[in-house]
Amino acid sequence: MILLIEDDQITTHILTALMKRLRWEHTVATSCADALTLITTVPMDLVITDILLPDGNGLDLVESMIVKPWLQDIPVMLCTADGRRATVERALGMGAVDFVKKPIGVDQMQQRIARALQRAPRRWENWRDMIKRLRVDGRSFFPLLALAKDQLLRLVERLDRWNPQTGDVDEINADVARLRSAALNVGAIRCVSMIDFLWTGSASEQDIRDLAEALAIEARSFEKAISNRNAGLATLGGAAAR
């Protein structure tokens, strides 16, 4: 998913038309507030943002992203009319992968977005490799995926309700370990990496909060994978009926 953060209608029209033509899944936010809601709830592969937005500054938005460890690997492009050297240096200093000065050229923008997408976090093992590794067919695999998703959602719910005064650290560590094993089995690479990166085993407030927010996003990735599979099966069923 590409998130375009832009309040200028002409730029939005140009870029969304490009992404539709190339079948790049995308969504649009016209403010910092809307963008932050999407970034913290939806799995993103790339963020493209303007700087001057109705309720804030795109660079400040990027800063609010990079303080969250589970968002630091999402590539960010700046697309703005503000081409001052200080602005460019600040953007690149924060880790932006590209800086595009308006007005944009469609062909050039296509190449630069494609290049930025190569930096997107890898969420899943290749489906064919996964099924070969597990020695199951596609129909047998997706129930496993659904079970892993349910386990993930249960852990997120438990983390959200965690009480450091009464919670059992050994139990929560066991739940995290079980989810990690299930995610590894179904090839949920980023889910596993988030657990390894964020969870220290101490069940501190920081650990609990960070892992809960990161896994809530990964749950959406599971839901999308299952939905895509179901849509594929429905298409095959319709074709067979015809």
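Definitions and limits used
- Every chain begins its residue count from 1, and numbering advances along the sequence as written.
- In view of the model being predicted, local features appear only for residues whose pLDDT reaches at least 70, and side-chain atom pairs are presented and counted only at 80 or more, with totals across whole chains, interfaces and linings using the full set of residues.
- Computation of side-chain values covers all heavy atoms of the structure but excludes hydrogens and water.
- Pairing of aromatic side chains here covers Phe, Tyr and the six-membered ring of Trp, requires ring centres within 6.5 Å, and sorts the geometry by plane angle: under 30 degrees stacked, over 60 edge-to-face, intermediate tilted.
- Put simply, DSSP marks the helices as runs of H or I at least four residues long and the strands as runs of E at least two long, and each gets a number from the N terminus on.
- Per-residue accessibility, obtained with a 1.4 Å probe over protein chains only, is compared with the maximum for each type, and a residue is labelled buried under 20%, exposed over 50%, and partly exposed between these values.
- As defined here, a cavity is a set of points on a 1 Å grid over the protein atoms alone where a 1.4 Å probe fits but cannot get out. A pocket is an open set with protein on both sides within 12 Å along at least five of seven lines, and residues line them when an atom is within 4 Å of a point.
- Grid points are joined across faces, edges and corners, and a volume is the space filled by probe spheres set on the points.
- Just so you know the grouping, Ala, Val, Leu, Ile, Met, Phe, Trp, Tyr, Cys and Pro go in nonpolar, Asp, Glu, Lys and Arg go in charged, and all remaining residues, Gly too, go in polar.
- For two strands to be treated as a pair, DSSP must find no fewer than two bridges joining them.
- Fitted lines through C-alpha atoms serve as axes, helices being fitted only where they are in contact, and the angles separating the N-to-C directions of these axes extend from 0 to 180 degrees.
- The set of buried Ala, Val, Leu, Ile, Met, Phe, Trp, Tyr and Cys residues whose side-chain atoms join them within 4.5 Å is what this entry labels a nonpolar core.
- What makes two residues a contact is simply this: any of their non-hydrogen atoms within 4.5 Å.

J.: How do you make sense of the packing of aromatic side chains when you look at a structure like this?
T.: What characterises a pair of aromatic rings is the spacing of the ring centres plus the angle enclosed by the ring planes. With the rule as written, the count across this model stands at 2 aromatic pairs. Geometrically, the ring pair formed by Trp124 and Phe222 is edge-to-face, given 4.9 Å between the ring centres and 65° between the ring planes. Separated by 98 residues along the polypeptide, Trp124 in the loop between helix 5 (106-117) and helix 6 (127-134) and Phe222 in helix 10 (residues 205-241) bring together distant segments of the chain. The pair formed by Trp124 and Phe222 is uniform in burial state, with each residue classed as buried. Centroid distance Phe141 to Phe142: 5.1 Å. Interplanar angle 80°. Geometry classified as edge-to-face. By the burial criterion, Phe141 is buried, and Phe142 matches it.

J.: Help me understand the layout of surface pockets in this model?
T.: Summary: where empty space remains is shown by rolling a probe the size of a single water molecule over the atoms. There is about 500 Å³ of room inside the largest pocket. Lining the largest pocket are 20 residues, with Trp124, Ser221, Lys224, Ala225 and Asn228 sitting closest to its centre. Breaking the lining of the largest pocket down by element, the ones donating at least two residues are helix 6, helix 7 (138-160) and helix 10. Here the element with the most residues in the lining of the largest pocket is helix 10; it accounts for 7 residues. Across the lining of the largest pocket, the residue classes break down as 9 nonpolar, 3 polar and 8 charged.

J.: Sorry if this is basic, but what is going on with the sheet that holds strand 1 (residues 2-5) here?
T.: Two strands in a sheet stick together by hydrogen bonds in their backbones, pointing the same way (parallel) or opposite ways (antiparallel). Across the sheet, which stays open at both edges, the 5 strands sit in the order 2-1-3-6-7 with parallel pairing between neighbours. Two strands lie at the open edges of the sheet, namely strand 2 (26-29) and strand 7 (98-101), each paired on one side alone. Pairs of neighbouring strands in the sheet enclose a mean axial angle of 15°, with direction left out of account. In this structure, strand 6 (residues 76-80) lies alongside strand 7, joined through 4 bridges in parallel fashion. Paired with Met77 across the strands is Asp98, a residue of strand 7.

J.: Which parts of the structure should I look at to understand the nonpolar core?
T.: The biggest cluster of nonpolar side chains holds 60 residues, and the ones touching the most others in it are Leu145, Leu215 and Phe222. Sort the elements by how many residues they give to this core and helix 10 lands first, with 10 residues. Ignoring sequence-local partners within four residues, the contact set of Leu215 consists of Leu152, Leu155, Val156, Leu159, Leu179, Cys191 and Ile195. In terms of nonpolar packing, the next biggest core, distinct from the first, is built from 15 residues, Ile2, Leu4, Ile48 and Ala116 among them.

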